[in-house]
Amino acid sequence: MRDQPTAPTTALSGHRLSRRRLVQAAGLTAVAASAGTALGSPARADSPGTNRDVIVVGAGYAGVTAARELRARGFRPVILEARSRIGGRTWTTTFEGKQVELGAQWIGPTQPLVNAEVRRYGLSTLTGSIPSRLLMPSLSGPAAVDLESGDARYGALMERLFAGARDLFPDPLNPLANRAAVVAADGLTLRDRLDQLGLTAEERLWLSGTTAGYSGGDSRIGAYTALAHWWALAGYNVAGYDAAMSLRISTGMTGLLQSMLNDAQAELHLRTAVASVTDTGGEVRVTTTAGVTYRAPWAVIAVPVNVWKTIAFRPGLAAVRAQASAQGVGVPHSNKIWMKVTGLPDRVAARGTEGDPFTTLLSQGDVNGGQLMVAFNSLPPVDGTSVSAVQRALRYYLPEASVTSVLAQNWGTDRYSLGGWALRRLGQLSTQQPAIQTPQGRLAFASGDIATGWIGFVEGAIESGLRAAGQVAAMGTPALAAV
Ligand SMILES: Cc1cc2nc3c(=O)[nH]c(=O)nc-3n(C[C@H](O)[C@H](O)[C@H](O)COP(=O)(O)OP(=O)(O)OC[C@H]3O[C@@H](n4cnc5c(N)ncnc54)[C@H](O)[C@@H]3O)c2cc1C
C-alpha cells in the first residue's frame, strides 16, 4: 500500500504541539506488519581482504544509499559496518511487543528523497492519535495547559524565534545563497537568539526546552542558523515545521533501509569496525580493528562526522573535516528513552524546559495493562536503563504514573555515533560548507551530518549518499576499477 504523507504530527524533541501533530505523536494508529527479515545479514560472505570496486564504511542511510546507487552504476560495493546491525542512528526494534524506534522516528512531506524511497518500496506511512493532556513548563514546574490555546501560543513563539529566516535562507536547498547574512548570523547561539527576543520568564521556559533539546542539552551548543535552516526547509512556518516530523514508516526506519540494502546487492560485513583508511594514491586500503585489510580503488566514508576523529586516515583528513569532527556535529547528549507506564488514564504530551530531565515526553499508544511513552533526555542525564531513575524523571511531570519497564539508547556515549542527530555548531555552515562534502583523494564522504538540505535527518543522509555515489562514479568506472 502506498501512502502520501499528508498530516503534520510530532517532533524530535520539541516542536509546536499542534493538535494534528499531537494526534500522531501520541500513538500510532497502525503497526507495521514486518520490519523485514534477517536485518543486517550479509548478502554474500566473501573472504575478507580481497579486492572490490568500492568500499563503503558504515551501513546507515548514507552508506546504504551510496552502495545502492553505486551498484546501479555497475560497481561491486563491500560495506563494512562496526555494529551487529544495519541502520546506525536509525534502529527499529521491539519493546513490550510494539515496534519502536530508538533513533530516528519521523519523516515529513517536505523531505522528497525519503518519501521517494517509501514509495519506491511500496511502503506506507503511519500517524498517531490525539493526546488529551498537554503539559508545558511554568515557573512552578510542569503545568497542564489547554491544548488548543497552548498550542497556538507556542506556535506564535516559534514564529518569533525564526522571524527573518526567509531573508537568511531565501533558497533553503542552497543555504549559502545569502552568504553575507549567514556569515553575520552564524556566530549566534540559540541562547543568544532567545536573549534577543525580549521574552517573559514563562515564554523563555517554553522556548528553551526546544532550543536546548535540539542542541543536545544546552542552548549554547547549537547555531541559530542550524535551526533556522530547518525552519526554512520546512516552509518558513509552524505547520511546515511540525509536519517535518509527522509520519512513521510502516516497516520502521530499519525496514526501509533493509529494502534499500537488498537492492544494493552489497557484500556486507557486520561487526567489522574500521580502524584506518589509507589512500596510497593508487588505491584505498581499509583496515579493520581485527587487522583485516580491504583494498579497492575508491571508498565512501559513511560514518558520523563525530566518529571521523577515531579513524586513522593516511594522509590525514583535510583541515575542514578534522575541525568539524573535533568540534562535533552530532549533538553531544541524546538519550532516547522508551518506557511502559501504568497509572495514567489519559494520553499526554509534555514539553520540558532547559535543564528538565525530559525536553519532550509523548504517549505512544496502549500496551497490555498500560501505555508506551517516549522521552528525549539530554542534560541532566537520566539513566535510561534504570526503571527507578526513569520513574523519578517521569514523576516530575506525572506524579501519578509508574514506570514498569524501560528501553533506551544513549547516542552521545555510543562509540559508533558519539552524538545524536546533527545540529551545526557556530560558524560551521559559513566556514565548512560545501568544502566538507568534497572528495579527498580516492575517498568520498557521506553522512546526514554534512547534508546541504536536511542535515540531521534521514533525508539528509540519503542526499549525502546520493552525492557520494556520484562523486565516486565521476572518479572512475567499474570497468576501470577491475584490479
Ligand atoms: C535520538 C535520535 C532521534 C532522531 N530523530 C530523527 C527523526 O525523527 N527523523 C529523522 O529524519 N532523523 C532523525 N534523527 C537523525 C538521523 O538518525 C540521522 O541523521 C541519520 O540516521 C544519519 O544517517 P548516517 O548514515 O549519516 O549516519 P549513521 O546512521 O550514524 O550511520 C553511520 C554508520 O557508521 C557505522 N560506523 C561508525 N563507526 C564505524 C567504524 N569505525 N567502522 C565501521 N562502521 C562504523 C555506524 O555503526 C553506523 O551504522 C535522529 C537521530 C537520533 C540520534
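Residues numbered from 1 in each chain as written. Predicted model: local features only at pLDDT ≥ 70, side-chain atom pairs only at ≥ 80, totals over all residues. Heavy atoms only, no water.

### Description of the nonpolar core
Side chains of nonpolar character tend, in soluble globular proteins, to be buried together.
Piece 1. Counting residues in hydrophobic clusters, the biggest one holds 82 residues, and the most contacted among them are Phe162, Trp230 and Ile301.
Piece 2. In terms of residues, this core owes the most to one element, helix H9 (residues 224–233), which gives 8 residues.
Piece 3. Inspection of this core shows a minimum of three residues originating in each of domain 1 (19–30 + 128–245 + 335–410) and domain 2 (54–91 + 252–330 + 436–481).
Piece 4. Phe162 has contacts with Arg193, Tyr224, Leu227, Ala228, Trp231 and Tyr241, leaving out every residue within four places of it along the chain.
Piece 5. The next biggest cluster of nonpolar side chains, apart from the first, holds 39 residues, and it includes Ala62, Ile107, Ala302 and Ala469. (Core = buried A, V, L, I, M, F, W, Y, C linked by side-chain atoms within 4.5 Å. Buried < 20%, exposed > 50% of the residue type's maximum accessible area, 1.4 Å probe, protein only. Helix = DSSP H or I, 4+ residues; strand = E, 2+ residues; numbered from the N terminus. Domains from an automatic or database assignment. Contact = heavy atoms within 4.5 Å.)

### Describing helix H3 (residues 112–120)
Piece 1. Three or more residues of H3 are buried, namely Val114, Asn115, Glu117 and Val118. Along the long axis of H3, the arc covered by the buried residues comes to 155°, so they all point the same way.
Piece 2. Elements in contact with the buried residues of H3: helix H2 (61–72), strand E5 (125–126), strand E8 (248–249), helix H11 (252–264) and helix H16 (458–475).
Piece 3. Gly122 sits one or two positions beyond H3 and adopts a positive phi of about 65°. (Arc of directions from axis to C-beta.)

### Quick notes on the confidence of the model for the chain
Piece 1. Predicted confidence across the chain gives a mean pLDDT of 90, with 88% of residues reaching 70 or more.
Piece 2. For the stretch residues 1–47, pLDDT sits under 50, and the model shows 166 contacts to residues farther than four places along the chain or on other chains. (pLDDT = per-residue confidence, 0-100.)

### Concerning the sheet that holds strand E10 (residues 274–279)
Piece 1. An order of E12-E11-E10-E14 is seen for the 4 strands of this open sheet, with the pairing classed as mixed. The sheet terminates laterally at strand E12 (293–296) and strand E14 (312–314), the two strands that pair on one side only. When the angles between neighbouring strand axes are averaged without regard to direction, this sheet yields 15°.
Piece 2. The pairing of E10 with strand E11 (residues 284–288) spans 5 bridges and is antiparallel. Residue pairing in the sheet places Val277 in a bridge with Val286 of E11. (Pairing = 2+ DSSP bridges. Axes fitted to C-alpha atoms, helices over the stretch in contact; angles between N-to-C directions.)

### Things to note about the packing of aromatic side chains
Piece 1. Under the defined criterion, the tally for this structure stands at 14 aromatic pairs.
Piece 2. Plain terms: the ring middles of Phe162 and Tyr241 are 5.7 Å apart, the flat faces sit at 45° to each other, and that makes the pair tilted. With a gap of 79 residues between them, Phe162 in the loop between helix H4 (147–161) and helix H5 (165–168) and Tyr241 in helix H10 (residues 238–243) connect regions that are remote in the sequence.
Piece 3. Residue Phe162 is classed as buried on the basis of its relative accessible area of 2%.
Piece 4. Taking the relative accessible area as the measure of exposure, Tyr241 reaches 2% and is therefore buried. (Phe/Tyr/Trp six-rings, centres within 6.5 Å; stacked < 30°, edge-to-face > 60°.)

### Points about the packing of H4 against helix H8 (residues 201–215)
Piece 1. Viewed as axis vectors pointing N to C, H4 and H8 meet at an angle of 70°, and their least axial separation amounts to 10 Å. In terms of orientation, H4 lies roughly perpendicular with respect to H8. Across from Gly150, Arg153, Tyr154, Leu157, Met158, Arg160 and Leu161 in H4, the residues of H8 making contact are Glu202, Glu203, Trp206, Leu207, Thr210 and Thr211. (Parallel < 35°, antiparallel > 145°, perpendicular 65-115°, else oblique.)

### Focus: H16
Piece 1. With 18 residues, H16 should reach 26 Å at 1.5 Å per residue; the first-to-last C-alpha distance of 26 Å fits that figure.
Piece 2. For H16, the full list of buried residues reads Val458, Glu459, Gly460, Ala461, Ile462, Glu463, Ser464, Gly465, Ala468, Ala469, Gln471 and Val472. (Expected span 1.5 Å × (residues − 1).)

### A look at the sheet that holds strand E7 (residues 143–145)
Two modes of strand pairing occur in sheets, parallel and antiparallel, and in both the strands are linked by backbone hydrogen bonds.
Piece 1. Strand order in the open sheet formed by 7 strands is E7-E6-E16-E17-E18-E15-E19, and the pairing between neighbours is mixed. Edge positions in the open sheet fall to E7 and strand E19 (402–410), since each of these has one partner strand only. In this sheet, adjacent strand axes meet at a mean angle of 25° when their direction is disregarded.
Piece 2. Strand direction decides the pairing type here: strand E6 (residues 133–136) and E7, joined by 3 bridges, are antiparallel. Residue pairing in the sheet places Met136 in a bridge with Ala143 of E7.
Piece 3. Against the sheet, helix H14 (residues 387–397) engages E6, strand E15 (335–342), strand E16 (348–351), strand E17 (360–367), strand E18 (370–377) and E19, with an angle of about 105° to E19.

### Digging into unusual backbone geometry
Piece 1. Omega for the peptide link from Arg314 to Pro315 comes to -5°, which places this bond in the cis form.
Piece 2. The residue Pro315 is located in the loop between E14 and helix H13 (319–327) in this model.
Piece 3. Cis rather than trans, the peptide bond between Gln433 and Pro434 has omega equal to 0°.
Piece 4. Residue position: Pro434 is located in the loop between helix H15 (428–432) and strand E20 (443–445).
Piece 5. A positive phi angle, near 45°, is found at Gln265, a position not held by glycine.
Piece 6. Summarising the element assignment, Gln265 is placed in the loop between H11 and strand E9 (267–269).

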